[in-house]
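In case you want the letters, here they are:
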Amino acid sequence: MPTVACTNCCRTNRVPAAAEGSPRCGNCRAPLPWIAEAGDADFGEVAEQASLPVLVDLWATWCGPCRMVSPALEQVAKDLAGRIKLVKVDIDKSPALARRFEVQAVPTLLILDRGRPVARQTGAAPANALRRWVGESLSASRGPADSTSGSP
Ligand SMILES: [Zn+2]
């Protein structure tokens with residue numbers, strides 16, 4: 001099981017690829033970055049049934065831009081811990097997913113909300129641009145209800 005360091009207290013936690021709710025630090029209860037890998041066999045369980053919106057990174061080992069965007073995506077997963085789950089899919093190991101999402105170029109980034117694609121972009125981008133894109137995509141898909149969450 002992969003481990004992740006809590007960004008709040010630095011405690012190392014084990015984080016399952018699929019779980020109810022979203023992972024929290026066993027020590028301080030802060031939300032943990034959720035970064036998982038999935039393939040054809042477990043994409044449904046890991047990505048589509050996730051309780052959080054999912055940022056899907058469709059990448060390939062031979063793709064230079066993918067190696068550049070990977071740390072940026074992990075930064076976004078840390079910045080948006082508790083709000084988004086990052087799921088990495090190696091398209092060469094997951095031909096059915098590559099066909100299903102009609103991947104023409106890598107990296108292809110998708111945002112799934114309750115299993116439904118709400119946004120998509122192709123190509124690498126810096127972490128701050130990705131974070132903005134993810135935030136805008138989530139607020140668009142959730143509608144105006146979320147932006148008024150402060151009022152009764
Ligand atoms: Zn902690």
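Provided above is the structure to which this section pertains.
From a predicted model like this one, the values you see are computed outputs, not experimental measurements.

What counts, and at which threshold
- Residues numbered from 1 in each chain as written.
- Predicted model: local features only at pLDDT ≥ 70, side-chain atom pairs only at ≥ 80, totals over all residues.
- Helix = DSSP H or I, 4+ residues; strand = E, 2+ residues; numbered from the N terminus.
- Rg over C-alpha atoms; globule rule 2.2 N^0.38 Å.
- Buried ≥ 20, exposed ≤ 12 C-beta atoms within 10 Å, placed from the backbone.
- Contact = placed C-beta atoms within 7 Å.
- Pairing = 2+ DSSP bridges.
- Axes fitted to C-alpha atoms, helices over the stretch in contact; angles between N-to-C directions.

**Q** How would you sum up the overall build of the protein chain? Please name residues and give values.
**A** The number of helices and strands found in the protein chain is 4 helices and 7 strands. Listing the helices and strands of the protein chain from first to last along the sequence gives β-β-β-α-β-α-β-α-β-β-α. For 152 residues, the compact-globule formula gives about 15 Å, and the C-alpha radius of gyration of the protein chain, at 15 Å, lands near that figure. Taken over the C-alpha atoms alone, the protein chain extends approximately 45 × 35 × 30 Å along its principal axes. Buried positions account for 34% of the 152 residues belonging to the protein chain. Put simply, of all contacts in the protein chain between residues at least 6 apart along the chain, 59% involve residues at least 24 apart.

**Q** Give me unusual backbone geometry: which residues, what numbers.
**A** The linkage connecting V106 with the following residue, P107, adopts the cis geometry, with an omega of 0°. In this fold, P107 is placed in the loop between α3 (95-100) and β6 (108-113). Despite not being glycine, C10 has its phi angle at roughly 70°, a positive value. On the secondary structure map, C10 appears in the loop between β1 (3-5) and β2 (12-14). A positive phi angle, near 50°, is found at E102, a position not held by glycine. By the element assignment, E102 lies in the loop between α3 and β6.

**Q** I'd like a rundown of the environment of E74, residues and numbers included.
**A** Position of E74 among the secondary structure elements: in helix α2 (residues 64-79). As a C-alpha pair, E74 and S139 span 65 residues in sequence and 20 Å in three-dimensional space. Filtering out sequence-adjacent residues up to four positions away, E74 remains in contact with I35 and L86.

**Q** Which residues make up the sheet that holds strand β3 (residues 34-37), and what values do they have?
**A** Spatially, β3-β5-β4-β6-β7 is the arrangement adopted by the 5 strands of the open sheet, whose pairing is mixed. Unpaired on one side and paired on the other, β3 and β7 (116-122) mark the two borders of the sheet. Sheet twist, expressed as the average angle between the axes of neighbouring strands with direction ignored, equals 20°. One ladder, built from 5 bridges, connects strand β4 (residues 54-59) with β6; its direction is antiparallel. From the neighbouring strand, L58 faces β6, where its bridge partner is T108. Of the strands in this sheet, β3, β4 and β5 (85-90) touch α2, which is tilted by about 170° from β4. Relative to β7, helix α4 (residues 127-142) is tilted by about 155°, and along the sheet it contacts β4, β6 and β7.

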